[in-house]
Amino acid sequence: MSVEKVLQTIKENNIEWVDFRFVDLGGRAHHISLPASAVEEETFENGVAFDGSSITGFRGIEESDMVMMPDPSTTYIDPFTAHPTLNIMCDIFTPDGERYERDPRGIAVKAEEFLQSSGVGTAAFFAPESEFFIFDDVRYESGMNSSSYFVDSEEAAWNTGRKDEGGNLAFKVGVKGGYVPVAPVDSQQDIRSEMCRLLAEAGLEIERHHHEVATAGQAEINFRFDTLKKTADNLLTYKYIVQNTARQYGKVATFMPKPLFGDNGSGMHVHQSIFNGSEPLFYEKGSYANLSELALHYIGGILYHAPALIALTNPSTNSFKRLVPGYEAPVNLVYSKGNRSAAVRIPVAAVTPKGCRIEFRTPDSTANPYLAFSAMLMAGLDGIKKKINPEEMGYGPLDKNIYELSDADKEKIRSVPGTLDEALDALEADYEFLTEGGVFTKDFIDNYIALKRSEAQAVAIRVHPHEYSLYFDV
């Protein structure tokens, strides 16, 4: 959408407010609303000022002035506001007109430019499968003398005997029993369909939705792939609409990877491929999973750099509650066709040459999508540049259920880091592939690591309720 079209949309839809948005390092969106009457062509040339010192991980108070530069192609009408509002995503610049090197969206722009300058291809396409839970009740606290959380869902397995529902209607979802059942077991068909309707109105092309494996309202909605930056924009829209639709239904949606103990967590499996113009570069008929040599080298880069990548694709302490064996957790750094116990899976069912892709299954939705997609692309391009052969490196292919291998065979397989601190250690030791072409800067990486270490430390020093079960009577 052009600037002229945005101004026309404001007029035709009686828009009262224009909401200018940007994303912080953690992937959370922030916004400032301007009266629609104040938005002119000059707004798109001069931008919207804001205080960068109030955003965690951005600038100090002595250099706090920053500018949001609107991207008119990201415009959509907000479906939740009482006053007609137009939402627009922005890039971040300094007052001098320089692109801000810590702006995650700006990093995505540089990653796409780096791909094009590399001579490998013209565009990288991404498609995340972002899972989430829909709960009816969420409570938590963390203080000096108490620490607790509580979540509940009308369809949860633990509620088969609950008496305060005004009549328990049964049909609860069992532990690991939630994968695509029909109603009345799946009680959330309508809320997911409403989410899809609103997502489509916002410009996303919806492919399907369904209940996921876990009890207590785990769900998944898939939308069509697009280029790196556009897909990251779409994922922010996706999370905004999912969370606000749930709220309209009196429920709450979370993308937290592991909100429940003892059942599957929520991942963000990321499908990706590279094209040169209209030519798909990952396809070669007759080879293993019909993968080209370039695709294998891309996989090699992903798996080689995976320990460092995890710091950007799984950047929360809660991420590592999901990354444990036994819950479809893709902790094994191997590749395989159709095998969901591998970190990299190559879909083989009903795949065309243009649909040939790889799926990195380890990430989750606590990742900032601009950073995560950019980091995956940079790792894959490094694998192509260095011709990293995943088979020669011991990364597969492995077409067996890894969970059923002998302990001796399992020991031969590299695994993901076990904690956020271990992932940050790996990123500290292996970051040069990210700084190629100035896509990520050393300053950004150092700042990011410091921010995430502070989060890990905040969790580590607090008393955990389960420690009372283990140690109180010692």
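Not measured: the values here are computed from a predicted model.

Peer 1: In this structure, what is going on with the UniProt feature "binding site: L-glutamate" (unreviewed entry) in the chain? I would like to understand it.
Peer 2: UniProt's entry tags N264, G265, R322, E328, R340 and R361 with the feature "binding site: L-glutamate" (unreviewed entry), counted in the numbering of this structure. Taken from the residues named earlier, the lining of the second largest pocket is made up of N264, G265, R322, E328, R340 and R361. Position of R322 among the secondary structure elements: in helix α8 (residues 319-322). Residue classification places R322 among the buried residues on the basis of a relative accessible area of 5%. Position of R361 among the secondary structure elements: in the loop between β18 (358-360) and α9 (369-386). Judged by relative accessible area, which is 2%, R361 ranks as buried. Within polar-contact distance, the side chain of R361 engages the side chain of H269 at 3.4 Å.

Peer 1: Would you take a moment to explain helix α6 (residues 293-304) for this structure?
Peer 2: Because an α-helix packs 3.6 residues into every turn, residues spaced three or four apart end up facing the same way. Compared with the 16 Å implied by 1.5 Å per residue over 12 residues, the 16 Å span of α6 between its first and last C-alpha is a close match. Listed in full, the buried residues belonging to α6 are A295, H297, Y298, I299, G300, G301, I302 and L303.

Peer 1: Could you clarify how one ought to interpret the packing of helix α5 (residues 228-248) against α9 in this entry?
Peer 2: Pairs of packed helices are described in terms of their axes, by the angle between the two and the distance that separates them. At their nearest, the axes of α5 and α9 sit 9 Å apart, and the two run at 150° to each other. The angle between α5 and α9 places the two elements in the roughly antiparallel class. Taken as a pair, α5 and α9 cross one another with a handedness that is right-handed. Listed contacts from α9 to L228, K229, T231, A232, D233, L235 and L236 of α5 are P369, Y370, F373, S374 and L377. In terms of residue class, the contact of α5 with α9 is built from eight nonpolar, two polar and two charged.

Peer 1: What am I meant to see in helix α1 (residues 3-12) here?
Peer 2: Buried residues of α1: V6, T9 and I10, and no others. All buried residues of α1 fall inside an arc of 100° around its axis, so they share one side. Counted as exposed and oriented over 90 degrees from the buried face of α1: E4, K11 and E12. Buried positions along α1 lie against β1 (17-23), α2 (41-46) and β6 (85-93). N14 occupies a position one or two residues after α1 and carries a positive phi of about 50°.

The rules we used
- Residues numbered from 1 in each chain as written.
- Predicted model: local features only at pLDDT ≥ 70, side-chain atom pairs only at ≥ 80, totals over all residues.
- Heavy atoms only, no water.
- UniProt positions renumbered as here; feature names shortened; annotations may be inferred.
- 1 Å grid on protein atoms, 1.4 Å probe; cavity = no way out; pocket = protein on both sides within 12 Å on 5 of 7 lines; lining within 4 Å.
- Helix = DSSP H or I, 4+ residues; strand = E, 2+ residues; numbered from the N terminus.
- Buried < 20%, exposed > 50% of the residue type's maximum accessible area, 1.4 Å probe, protein only.
- Polar contact = N/O pair within 3.5 Å; in protein donor to acceptor, adjacent residues only side chain to side chain.
- Expected span 1.5 Å × (residues − 1).
- Axes fitted to C-alpha atoms, helices over the stretch in contact; angles between N-to-C directions.
- Parallel < 35°, antiparallel > 145°, perpendicular 65-115°, else oblique.
- Left-handed = near helix turned anticlockwise from the far one by under 90°.
- Contact = heavy atoms within 4.5 Å.
- Nonpolar A, V, L, I, M, F, W, Y, C, P; charged D, E, K, R; others polar.
- Arc of directions from axis to C-beta.

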